[in-house]
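Chain and residue survey
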Amino acid sequence: MPLNLSIVTQEKELLSEEVESITVMTTSGEITLLPSHVPLMTKLADTELIYRIKGQSKGIAISGGFLNMEPNNKVVVLADAATRSEDINEAKAEEARQRAYTATQNEKLSRTQIQLAEGELRKAILELKVARRRKTSL
């Protein structure tokens, strides 16, 4: 009996798959979900969600959001942003990291602009981590 995983962002449903397991970092620590896991709702940290399908691990960079495990083996992730590891362009992520880092150092920006830049910096660092892990596991 597989888990039915759906990952949804504001823009689209990124994934809808039957999977064997899900491992993800929550704000309380790392969890692994298997079929028949107790229902739960938890807040996600900026993390790589790793799921297994047909014995193979796949990853998705998740920037904030919530995970809901329902009693019928349905898992729904509502993410602020999500990118499949194979869709991450490492060079573009590195450019985004550099731009965001530079913006966080700009004393002329407002507090809100700096906070937005810090969020972009965290997202770029996460995408780089996920892309590099995928590259080393190939």
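Predicted model only: the values in this text are computed from it and were never measured. (Residues numbered from 1 in each chain as written. Predicted model: local features only at pLDDT ≥ 70, side-chain atom pairs only at ≥ 80, totals over all residues. Heavy atoms only, no water.)

Points about the overall build of the chain
Spelled out, the test is: Secondary structure elements are taken from DSSP: a helix is a run of H or I of four residues or more, a strand is a run of E of two residues or more, and numbering for both begins at the N terminus. Each radius of gyration is computed over the set of C-alpha atoms, and the globule rule expresses the reference value as 2.2 Å times the number of residues to the power 0.38. Buried, partly exposed and exposed residues are distinguished by accessible area as a fraction of the type maximum, computed with a 1.4 Å probe on protein chains only: under 20%, between the cut-offs, and over 50%, respectively. Note that accessible areas follow from Shrake-Rupley with a 1.4 Å probe, and for residues the cover is restricted to the protein chains shown.
Across its full length, the chain carries 2 helices and 8 strands. Going from the N terminus to the C terminus, the chain shows its helices and strands as β-β-β-β-β-β-β-β-α-α. A globule of 138 residues ought to have a C-alpha radius of gyration of about 14 Å, and the chain, at 16 Å, matches this closely. Burial statistics for the chain: of 138 residues in total, 38% are counted as buried. Within the structure as shown, the chain displays about 8300 Å² of accessible surface, and the carbon and sulfur contribution to it stands at 50%.

What to know about the environment of aspartate 46
Put simply, the rule reads: In this analysis, two residues are considered to be in contact whenever any of their non-hydrogen atoms come within 4.5 Å of each other. Here a polar contact is recorded for every N or O atom pair within 3.5 Å, except that within protein the pair must consist of a potential hydrogen donor and a potential acceptor, and residues adjacent in sequence are included only if both atoms are side-chain atoms.
Position of aspartate 46 among the secondary structure elements: in the loop between strand S5 (40–44) and strand S6 (47–53). C-alpha of aspartate 46 to C-alpha of glycine 64: the two residues are 18 residues apart in sequence and 5.1 Å apart in space. If we skip the residues at most four places from it in the chain, aspartate 46 touches Ile62, Ser63, Gly64, Arg122 and Leu126. In this structure the side chain of aspartate 46 is engaged in a polar contact, spanning 2.9 Å, whose partner is the backbone nitrogen of glycine 64.

Comments concerning unusual backbone geometry
If you check the backbone angles, serine 36 has positive phi at about 70° while not being a glycine. Relative to the helices and strands, serine 36 is located in the loop between strand S4 (29–33) and S5. On the basis of relative accessible area, serine 36 is assigned to the exposed category, the value being 59%. Here lysine 54, not a glycine, exhibits a phi torsion of approximately 55°, which is positive. Of note, lysine 54 is situated in the loop between S6 and strand S7 (56–69). Note on lysine 54: relative accessible area 78%, which makes it exposed.

Some points on a nonpolar patch on the surface
Stated precisely, the cut-off is as follows: Only residues above 30% relative accessible area that lack a salt bridge enter a patch, with like-charged residues linked at up to 9 Å and the nonpolar side chains Val, Leu, Ile, Met, Phe, Trp and Tyr linked at up to 5 Å. Salt bridges, as used here, are contacts in which a Lys or Arg side-chain nitrogen is within 4 Å of a carboxyl oxygen on Asp or Glu.
Together, Met41, Phe66 and Leu78 make up an exposed nonpolar region whose accessible area comes to about 320 Å². Following the sequence through the fold, methionine 41 ends up in strand S5. By relative accessible area, methionine 41 is classed as exposed at 58%.

Focus: the pairing of strand S1 (residues 3–8)
The condition is simple: For two strands to be treated as a pair, DSSP must find no fewer than two bridges joining them.
When S1 meets strand S2 (residues 13–19), the two strands line up antiparallel, connected through 6 bridges. Across the sheet, the residue bridging to asparagine 4 is glutamate 18, located in S2. Examined bridge by bridge, S1 and strand S8 (residues 74–84) share 5 bridges and lie parallel to one another. Opposite serine 6, over in S8, you have valine 76 as the bridge partner.

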